[in-house]
Structure formats: C-alpha cells, structure tokens
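Spelled out, the chains give:
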Amino acid sequence: MQIFNDPDLGQIVIKPHAKAKRIIARQRNGFIQLTVPLRFGLKDLPPSWSSLKPKLLQLRKTPPGIFSEGDTFSTFSSTAKIMRSPLIDEKFRVSVKNGELLVLVPESTDFANIAAQQKIKALLISALKWEAKKILPEKTSALAQKNGLSYSEVRVSSATTRWGSCSDKRVISLSLYLMLLPERLIDYVILHELAHTVEMNHSPKFWNLLDRLCGCDSKKIGTELRRYDSEILRMLTR
C-alpha cells in the first residue's frame, strides 16, 4: 500500500490487489482509495492521472451518505430497518425475525456520530453475511444440479471489488453483498462462476456456455450488473 497527497483531492491510498485488472476508485472515510493491479505503483500513475483526476474530483464531491433513524432497504430475503429502542442499553443490536431485519440502537444515539455510523454499518454487514451463508450455497447447489455442473465448495467472502470467483480447484467464492442485488443478477453471478468450473477463462467457449446457462445473451446481463448501483450498496462497500 502506498499513500500520497494531492492538493485538490487530499489523501490518496493506492492498494494493490492480485485480482485487479484496472484502476478502481472508491471514496472512503477521509480519503480516496485506488485499487490497482499488483505491479502498479506511484511511478505508473502519471500517464493515467490527466484522465483519472477529473473523475476523482467528481467522486470527492459526492456527499457521504449516513444511516438515519427509520431508514429501510430490501435485501434478498428481508426488509431491513434502523430504529431506536428503549429496551436496549448502550450496545447496538440486530434482530432477524419473520423476514424483518431490525438494527436496534439506544434511544440516546446521535446519528451524526462517526462511531455510531460504524456500529450500524458493521451490524448490517454482519446480517448480510449471515443471510448470504444461508442462501448462496443453497442457490449454487440448485443451479448446479439443474445444469448438470459440479463444484467443490462455496464460500462467502467480504469482497467489494468483485462479485464472485472460482479457483482452479472449483472452489466458488461469492460476495456477501450479492444480497443487495436483484435475484436475476445474483443468479447470473452464480452461473458465471459455475461456468468457470468448466471453462477457466473468458474464451468464446466460456461465453457460449454461459449463454446456454442463462438462456439469453449473458454479456447483456453482465453489462447490467456492472451498471447496477444503489445507495445502500455504496454506503456498505466504500
């Protein structure tokens, strides 16, 4: 990891990642993070800077969202809501019951407080992970059986730079943040990784297989996935 300061943007953190194929910019709390390919460093930045900086300036202008009392959003299998509760002490809690996910905070909670925001975010991510572990392995098994495919294991990850991956040992990893996507996009990601159990690259054979699995032009769904955006997704992954 390398850090430098830009007079207009402030602190920039360069974070190499083994699976990164391009520069991915995200606004974090107080700085901008650039996820880059492994061998990319500060010396490689100048050629890209003239086109990259205007985008980063626009990113910096985007006001950070905050979690507030009464906020609601949908996950794959539940409706989440943030609410005060007179029944709890200073410890923030999460409750999942009958398809409703409640993040309960003390009545005295100051939602402008950074620590309170971090606690709410951590609870929501923990709840998403629990939901993902319950749903994604089962979904993967059903889609594999339906299409006559096999894999060795399904793991749930906290990845924010990719939705899924498949190792050469046919271990499929799926991001817990899939729980914030429409079901058709979740299925696409799972089918994409199942296709990699047969074709480990993105050759024409791979795309032909994925088209058959999806029953349509899979690249169009991939484009929809890349363009998908929601406020809660940004708030939890940045």
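As the structure is a prediction and not an experimental result, all values here were calculated from the model.

Chemist: So what exactly am I meant to see when it comes to the overall build of the protein chain here?
Modeler: Along the protein chain, the regular secondary structure elements total six helices and 11 strands. Principal-axis analysis of the C-alpha atoms gives the protein chain an extent of 55 × 55 × 30 Å. Here the protein chain, with 238 residues, has 43% of them falling under the buried criterion. Approximately 13,400 Å² of the protein chain is accessible, and the part contributed by carbon and sulfur atoms is 51%. The average position of the 37 basic charges and that of the 23 acidic charges among the side chains of the protein chain differ by 6 Å.

Chemist: Before we go on, may I ask you to explain the pattern of salt bridges in this structure?
Modeler: Enumeration according to the criterion identifies six salt bridges in this entry. Measuring nitrogen to oxygen at the nearest pair gives 2.5 Å for the salt bridge that ties arginine 234 to aspartate 229. The exposure class of aspartate 229 is partly exposed, given its relative accessible area of 46%. Through salt bridges with shared partners, a single ionic network connects Lys139, Glu183 and Asp187.

Chemist: Is there a simple way to think about the environment of leucine 57 in this case?
Modeler: Structurally, leucine 57 can be placed in helix α1 (residues 46–61). Placed 48 residues apart in sequence, leucine 57 and leucine 9 show a C-alpha to C-alpha distance of 6.6 Å.

Chemist: I'm lost on the pairing of strand β3 (residues 24–28) in this one. Help?
Modeler: Look at any regular strand and the pattern is simple: side chains alternate between the two faces of the sheet. Where burial is concerned, most of β3 is hidden: four out of the five residues are buried. Across five bridges, the pairing between β3 and strand β4 (residues 31–37) is antiparallel. Note that in β4 the partner of arginine 26 across the bridge is glutamine 33.

Chemist: Which parts of the structure should I look at to understand the environment of asparagine 201?
Modeler: Here asparagine 201 shows up in the loop between α3 (183–195) and α4 (204–214). A relative accessible area of 42% means that asparagine 201 is categorised as partly exposed. When the C-alpha atoms of asparagine 201 and leucine 56 are compared, they prove to be 32 Å apart, with 145 residues separating the residues in sequence. Excluding residues that lie within four positions of it along the chain, asparagine 201 makes contacts with His196 and Phe206. One polar contact links asparagine 201 to serine 203, side chain to side chain, over a distance of 2.9 Å.

Chemist: Is there a simple way to explain the environment of isoleucine 32 in this structure?
Modeler: Along the polypeptide, isoleucine 32 turns up in strand β4. Overall, isoleucine 32 belongs to the buried group, its relative accessible area being 0%. A C-alpha to C-alpha distance of 25 Å links isoleucine 32 and leucine 181, two positions 149 residues apart in sequence.

Chemist: Explain the sheet that holds strand β6 (residues 79–85) here, please?
Modeler: Strands pair in a sheet through their backbones, by hydrogen bonds, and they do so in one of two ways: parallel or antiparallel. Strand order across the open sheet formed by four strands is β5-β6-β8-β7, with mixed pairing between neighbours. Looking at which strands have only one partner, the edges of the open sheet turn out to be β5 (72–74) and β7 (93–97). Neighbour-to-neighbour, the strand axes of this sheet turn through a mean angle of 25 degrees, independent of strand direction. In the sheet, β7 pairs with strand β8 (residues 100–106) via five bridges, with the strands oriented antiparallel. Note that in β8 the partner of lysine 97 across the bridge is glutamate 100. Where helix α2 (residues 114–147) meets the sheet, its contacts fall on β5, β6, β7 and β8, and the angle it forms with β8 comes to roughly 155 degrees.

Definitions and limits used
- Residues numbered from 1 in each chain as written.
- Predicted model: local features only at pLDDT ≥ 70, side-chain atom pairs only at ≥ 80, totals over all residues.
- Heavy atoms only, no water.
- Helix = DSSP H or I, 4+ residues; strand = E, 2+ residues; numbered from the N terminus.
- Buried < 20%, exposed > 50% of the residue type's maximum accessible area, 1.4 Å probe, protein only.
- Areas by Shrake-Rupley, 256 points an atom, 1.4 Å probe, with all protein chains shown as cover.
- Lys, Arg positive; Asp, Glu negative; His and termini not counted.
- Charge placed at Lys NZ, Arg CZ, Asp CG, Glu CD.
- Salt bridge = Lys/Arg side-chain N within 4 Å of Asp/Glu carboxyl O.
- Pairing = 2+ DSSP bridges.
- Contact = heavy atoms within 4.5 Å.
- Polar contact = N/O pair within 3.5 Å; in protein donor to acceptor, adjacent residues only side chain to side chain.
- Axes fitted to C-alpha atoms, helices over the stretch in contact; angles between N-to-C directions.

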